[in-house]
Structures are given as structure tokens and as C-alpha cells.
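Results of the structural survey
Residues per chain are reported as follows:
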Amino acid sequence: ARAHPPVARADATALGKRINRIEGQVRGIGKMIAEDRYCIDILTQVSAVQSALDALALGLLERHLHGCVQHAVKSGDGDHAIDEAMAVIRKFAR
């Protein structure tokens, strides 16, 4: 694994709360399916989860760029870190 700066405890706590909320939303979708709820209502919840995951991903990416990538650039491994970041960004740009 690559060396990277530690995650601030406040950031880790906020990320934990956010992923727990998303997890609850996903469980809610499962319950809606089990209850044979109206498809449009289920799809609306799926869209909300996708948006929440996108926001989580952007937050993680921003933290990565300001932390790990910035650290890598300062330590001389910037090209690799930027290539790695771009590879993951391309996954979200499909």
C-alpha cells in the first residue's frame, strides 16, 4: 500500500455517518421491493441512493486530491498519483 496522510478523525466520522445513511437507504429499497411497492417510488429511492453515492465519491476524491495526491507531488511521486486519480475519475465519467 502507498503511504498517505492520515484521515482526520472528523472526516472519518462524517464519512461513517454518510455511509451508514446510504446503507439505511439501500435497506429501505430492499424493504420496498419485498412489500411490492410502486415501481416509481422504488426507482425514486434508487436515484436518491445513486446521488448520495456520487456525493460520497466526490468528497472522497476531493480529500484524496488534497491529501494523498498533494503529498505524492511534494514527495516526487506526483505523476503516478495523478495517473491513479485520473483512472478512478474516468470510471465515474462513463
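Now for a look at the structure at hand.

So, on to the overall build of the chain. Within the chain, the regular secondary structure consists of three helices and zero strands. Overall, the chain shows an N-to-C arrangement of helices and strands of α-α-α. Considering only C-alpha atoms, the chain reaches an extent of 55 × 30 × 20 Å along its principal axes. Looking at the 94 residues of the chain, the share that counts as buried comes to 15%. For the chain, the proportion of contacts with a sequence separation of at least 24, taken over those separated by at least 6, is 59%. Surface summary for the chain: the accessible area is close to 7200 Å², and the carbon and sulfur share equals 59%.

A rise of 1.5 Å per residue sets the reference length of helix 1 (residues 9-34), with its 26 residues, at 38 Å; its end C-alpha atoms lie 37 Å apart and thus fit the reference within 8%. Buried positions along helix 1 lie against helix 2 (39-74). Trailing helix 1 by a residue or two, D36 shows a phi angle of about 55°, which is positive.

Quick look at the nonpolar core now. Counting seven residues, the largest nonpolar core consists of I22, I29, M32, I42, V49, A52 and L56. Elements that contribute at least two residues to this core include exactly helix 1 and helix 2. If one sorts the elements of this core by residue count, helix 2 sits on top with four residues. Leaving out residues up to four positions away in the same chain, I22 has contacts with V49, A52, L53 and L56.

Time to look at helix 2. Across its 36 residues, helix 2 extends 51 Å between first and last C-alpha, which sits within 8% of the 52 Å expected from 1.5 Å per residue. Taken residue by residue, helix 2 has I42, V49, A52, L56, A57, G67, V69 and A72 as its buried positions. Packing partners of the buried residues in helix 2 comprise helix 1 and helix 3 (78-92). Backbone geometry just after helix 2 places G76 at a positive phi near 90°.

What follows is about the pattern of salt bridges. According to the stated counting rule, one finds two salt bridges in the structure shown. The shortest N-O distance in the salt bridge between E23 and R27 comes to 3.5 Å. Placement of the pair is E23 and R27 together in helix 1, with a separation of four residues, close to one helical turn. A residue is classified by how much of its surface remains accessible, and E23, at 42% relative accessible area, is partly exposed. Take R27: its relative accessible area is 54%, and that puts it in the exposed class.

Parameters at a glance
- Residues numbered from 1 in each chain as written.
- Predicted model: local features only at pLDDT ≥ 70, side-chain atom pairs only at ≥ 80, totals over all residues.
- Heavy atoms only, no water.
- Helix = DSSP H or I, 4+ residues; strand = E, 2+ residues; numbered from the N terminus.
- Buried < 20%, exposed > 50% of the residue type's maximum accessible area, 1.4 Å probe, protein only.
- Contact = heavy atoms within 4.5 Å.
- Areas by Shrake-Rupley, 256 points an atom, 1.4 Å probe, with all protein chains shown as cover.
- Expected span 1.5 Å × (residues − 1).
- Core = buried A, V, L, I, M, F, W, Y, C linked by side-chain atoms within 4.5 Å.
- Salt bridge = Lys/Arg side-chain N within 4 Å of Asp/Glu carboxyl O.

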